[in-house]
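Here are the chains, one letter per residue:
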Amino acid sequence: MSFPGQLTLGAIPGAAPDKWVRRWRERFPAISLRVVYYDDAGAPERLIAGTVDISYHRSREGLQLPEEGLFHRVRLYTEQAVVCAARDHCVAAAEDSVDVAELFDEPFLDPRGMVSEPADPHRPLAGEELARAERIALEVVASGAGLLVMPHSVARSLSRKDVVTRVLDQAPGYDVSLLWLRERDSEQIQEFIGVARGRRAQSPRSAVSSADIQHSADVQHSADARRKEPARRPQARGGARGGQRQGGATRRRPRGGGRGGSGRR
């Protein structure tokens, strides 16, 4: 069974697929798993365009996907919503959480209004470019001009000393899923979904046999061995060095220093 040489996972702010990547590399070392980060928006577009093979998708709890019939979807978990406020705001007085009804009259910020134009959904993001709109919104929050609601994992990854976060009770959370196109479903995608859901390597539900897994490992092992093999030194022309003749014979001087005699004079 032949696999493409690479599988691309589109990740989003707050996502931590490191454990999946480690498991995948252990099981399929010859098939590269590439993880690329983007903002939340644009996951369906990236899949349709072929920018990624599989993608994280996060949406408010209970919402359906647009064009739901185009995608397979596996729900991973529901993430808590948190409210972010300036450190001197009354929200900071709450120990762990605050009810959404208590904040009815408060001004809330929309990160989408913090940037002049949205980022290209197909351009990978890193560093301060990732979740840029949310970072700008948190600057405004720190000034005391409003509150911001966001997923717990994103708030944790963007935490600031001048902003507090509290769980927002009675507010919808965020459904986090994995998406991939129905028309591009494949055995390697199914294997990745199995890894993400905790399926064991030798599970009977695996689409890849143990022979395929071993073949994948053997290919990688052979490639590693070739990289580690030391380069051979070229043999000097006209014979070996250090007193060695071609063929392996050694040239010796007669005892006593004479030219043809073996005894002492």
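About the cut-offs
Residues numbered from 1 in each chain as written. Predicted model: local features only at pLDDT ≥ 70, side-chain atom pairs only at ≥ 80, totals over all residues. Heavy atoms only, no water. Buried < 20%, exposed > 50% of the residue type's maximum accessible area, 1.4 Å probe, protein only. Helix = DSSP H or I, 4+ residues; strand = E, 2+ residues; numbered from the N terminus. Arc of directions from axis to C-beta. Pairing = 2+ DSSP bridges. Axes fitted to C-alpha atoms, helices over the stretch in contact; angles between N-to-C directions. Core = buried A, V, L, I, M, F, W, Y, C linked by side-chain atoms within 4.5 Å. Contact = heavy atoms within 4.5 Å.

(A) Looking closely at helix α1 (residues 18–27). Within the span of α1, buried status applies to Trp20, Val21, Trp24 and Arg27. The arc that holds every buried residue of α1, seen down its axis, measures 135°, which confines them to one face. Across from the buried face of α1, at angles greater than 90 degrees, the exposed residues are Asp18, Arg25 and Glu26.

(B) Up close: unusual backbone geometry. The phi dihedral of Ala131 falls on the positive side, at around 55°, and the residue is not glycine. As for its placement among the helices and strands, Ala131 is situated in the loop between β6 (97–99) and α3 (132–142). A positive phi is found at Gln170, a non-glycine position, where the angle reads about 65°. With respect to the helices, strands and loops of the structure, Gln170 is situated in the loop between β8 (163–169) and β9 (174–181).

(C) Main features of the sheet that holds β8. Across the sheet, four strands lie side by side as β6-β8-β5-β7; this open sheet has mixed pairing. Either end of the sheet is taken by a strand with one partner, and the two such strands are β6 and β7 (148–151). If you compare each strand with its neighbour and ignore which way they point, the axes differ by 45° on average.

(D) Quick look at the pairing of strand β1 (residues 6–11). The element β1 is extensively covered by neighbouring structure, given that five of its six residues are classed as buried. In this sheet, strand β2 (residues 32–37) lies alongside β1 in parallel orientation, the contact comprising six bridges. In the sheet register, Thr8 faces β2, and the bridge partner there is Arg34. Bridge count between β1 and strand β3 (residues 54–60): two bridges; the pairing is parallel. Paired with Gly10 across the strands is Ser55, a residue of β3.

(E) Looking closely at the nonpolar core. Ranked by internal contacts, the top residues of the largest apolar core, which has 22 residues, are Trp24, Tyr56, Leu178 and Phe192. Contributing elements (two or more residues each) for this core: β1, α1, β3, β9 and α5 (187–196). When residues in this core are grouped by element, the largest group, five residues, is from α5. Ala131, Ala137, Met150 and Leu158 belong to the second largest nonpolar core, which has 13 residues in total.

(F) Fine view of the sheet that holds β3. Here five strands make up an open sheet; going across it, the order is β2-β1-β3-β9-β4 and the pairing mixed. The sheet terminates laterally at β2 and β4 (71–79), the two strands that pair on one side only. Mean inter-strand twist for the sheet, computed between neighbouring axes without regard to direction, equals 25°. On top of the sheet, α5 reaches β1, β2, β3, β4 and β9; it is set at about 160° to β9, its chief contact.

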